[in-house]
Number of protein chains: 2
Amino acid sequence: MSPAPRTTRQRTAVADLLSRVDGFRSAQELHELLRREGASVGLTTVYRHVQALADAGEVDVLRHEDGEAVYRRCASPAHHHHLVCRACGRSVEIEGPAVERWTSQVAAEHGFTDVQHTLEVFGTCADCA
Amino acid sequence: MSPAPRTTRQRTAVADLLSRVDGFRSAQELHELLRREGASVGLTTVYRHVQALADAGEVDVLRHEDGEAVYRRCASPAHHHHLVCRACGRSVEIEGPAVERWTSQVAAEHGFTDVQHTLEVFGTCADCA
DNA sequence: CAGCAACTGACAACCGTTGTCAAAACCAGG
DNA sequence: CCTGGTTTTGACAACGGTTGTCAGTTGCTG
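Below you will find a few notes about this structure. (Residues numbered from 1 in each chain as written. Chains lettered and ligands numbered in written order. Predicted model: local features only at pLDDT ≥ 70, side-chain atom pairs only at ≥ 80, totals over all residues. Heavy atoms only, no water.)

Re helix α4 (residues 97–109) of chain A
Here's step 1: Between the first and last C-alpha of α4 of chain A there are 19 Å, a value that for 13 residues agrees with the 18 Å anticipated at 1.5 Å per step.
Here's step 2: Close packing links the buried residues of α4 of chain A with β6 (113–124) of chain A together with β4 (81–85), β5 (91–94), α4 (97–109) and β6 (113–124) of chain B.
Here's step 3: Phi for Gly111 of chain A, located one or two positions after α4 of chain A, is positive at around 80°. (Helix = DSSP H or I, 4+ residues; strand = E, 2+ residues; numbered from the N terminus. Expected span 1.5 Å × (residues − 1). Contact = heavy atoms within 4.5 Å.)

Here is the structure:
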């Protein structure tokens, strides 16, 4: 059904880069970074791997205000949220059991099922202030 | 500095429509609806008014998963969140003082300032289930 | 009522993203 | 090792939502 993906130079490069950088990066930023490192990878290919990783749940996806998608390798595969610096993109993983409980409760009160939620916190980190 | 906007047929039509429909609508949907009603307004103009209204805080903006922006006139100008049906787009305004407190506390713990957050809840409403 | 500034809308440009397809790279099985 | 087929790659074109352009129109103020 789903054949195991091959381990190619490009796949490794993208995965590696995502492990090294911190903060959320757009596909185009990742593409540019790879180019600078000499490990040049086609933009199309970057998009493909980044999406595959997102589908596999190995990276988290966020949307900037302008709709651009940004990606980040996450420490825990479990559900969590992010505190993101709007200046440098650095981010911290946060958890909020209270929020989880609250959302599902409110949703149930209104008769909603199959509930999901998105929660992201933006601010300016100490270094950028 | 900011000259008061003029009240034109188009401006009124967009604002009116947003008051009548419930749920989040994309600029293109609004454009189509206006066209059907006969009160045809250029797509560019719809975008402009919808953004102006968003800037003025009179409508809320959300991003669908594919990055498309959707708009909704909100009852209260105060900060609040939404419980949105992913099938029909119907939405309910919700408030969560606990969430507000929690986010600002967590942000402060990590040295972040100028904190904002986005929180949206998606589910399937009773009618669509 | 005149005149100017703001508004409109068809159109083109933009930008992130996705589809296409021939060429290259990976990985068996001989 | 080769070799065959299958997957992956990447330049390029296409796409869709959004924004810029600019001449023509329309509110509004004097």
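More follows now that the structure is in view.
Some points on the interface of chain A and chain B
Here's step 1: Facing the 36 residues of chain A at the interface are 36 residues of chain B.
Here's step 2: Counting the surface lost from both chain A and chain B, the interface buries some 2800 Å², and carbon and sulfur atoms represent 65% of this.
Here's step 3: Among the residues chain A hides against chain B, the three largest losses belong to Leu83, Trp102 and Phe112 of chain A. Together they make up 22% of the total.
Here's step 4: Across the contact surface, chain A and chain B share zero salt bridges.
Here's step 5: Applying the counting rule to chain A against chain B returns twelve residue pairs in polar contact (both at pLDDT 80 or more).
Here's step 6: Mapped onto the side of chain A that touches chain B, the elements with two or more residues apiece are β4 (81–85), β5 (91–94), α4 and β6 of chain A.
Here's step 7: In terms of residue count, the dominant contributor to the side of chain A that touches chain B is β6 of chain A (twelve residues).
Here's step 8: Grouping the constituent residues of the side of chain A that touches chain B by class yields 17 nonpolar, twelve polar and seven charged.
Here's step 9: Sheet analysis places β6 of chain A next to β6 of chain B, joined by nine bridges and oriented antiparallel. (Buried area = accessible area lost by both parts, 1.4 Å probe. Salt bridge = Lys/Arg side-chain N within 4 Å of Asp/Glu carboxyl O. Polar contact = N/O pair within 3.5 Å; in protein donor to acceptor, adjacent residues only side chain to side chain. Nonpolar A, V, L, I, M, F, W, Y, C, P; charged D, E, K, R; others polar. Pairing = 2+ DSSP bridges.)

Considering α4 of chain B
Note that an α-helix has 3.6 residues per turn; residues three or four places apart therefore point the same way.
Here's step 1: Turning to α4 of chain B, its buried residues are Val99, Trp102, Thr103, Val106 and Ala107 of chain B. Viewed along the axis of α4 of chain B, the buried residues span an arc of 125°, placing them on a single side of the element. Among the exposed residues of α4 of chain B, those pointing more than 90 degrees away from its buried face are Pro97, Arg101, Ala108 and Glu109 of chain B.
Here's step 2: Packing partners of the buried residues in α4 of chain B comprise β4, β5, α4 and β6 of chain A together with β6 of chain B. (Buried < 20%, exposed > 50% of the residue type's maximum accessible area, 1.4 Å probe, protein only. Arc of directions from axis to C-beta.)

Brief notes about the protein's contact with DNA strand C
Here's step 1: Around DNA strand C lies a shell of 21 residues, among which Tyr47, Gln51 and Ala69 of chain A together with Thr8 and Arg48 of chain B are the nearest.
Here's step 2: What you see for DNA strand C is that sugar and phosphate hold 61% of its atoms within 4 Å of the protein.
Here's step 3: With respect to DNA strand C, the side chain of Arg6 of chain A contributes an N or O atom lying 3.0 Å from a base oxygen.
Here's step 4: At 3.1 Å from a phosphate oxygen of DNA strand C is found a main-chain nitrogen or oxygen belonging to Gly42 of chain B.
Here's step 5: Contributions of two or more residues to the surface near DNA strand C are made by α3 (43–55) of chain A together with α1 (9–20) and α3 (43–55) of chain B. (Near = heavy atom within 4 Å.)

Things to note about the relation of the copies chain A and chain B
For these two chain copies, the linking operation is a rotation about an axis paired with a shift along it.
Here's step 1: When chain A is fitted onto chain B, the two copies agree to an RMSD of 0.2 Å after a turn of 179° and an axial shift of 0.0 Å. Each copy turns onto its partner about a two-fold axis.
Here's step 2: A share of 100% of interface residues in chain A that are also interface residues in chain B marks the association as one of identical surfaces. (Least-squares fit on C-alpha atoms with pLDDT ≥ 70 in both.)

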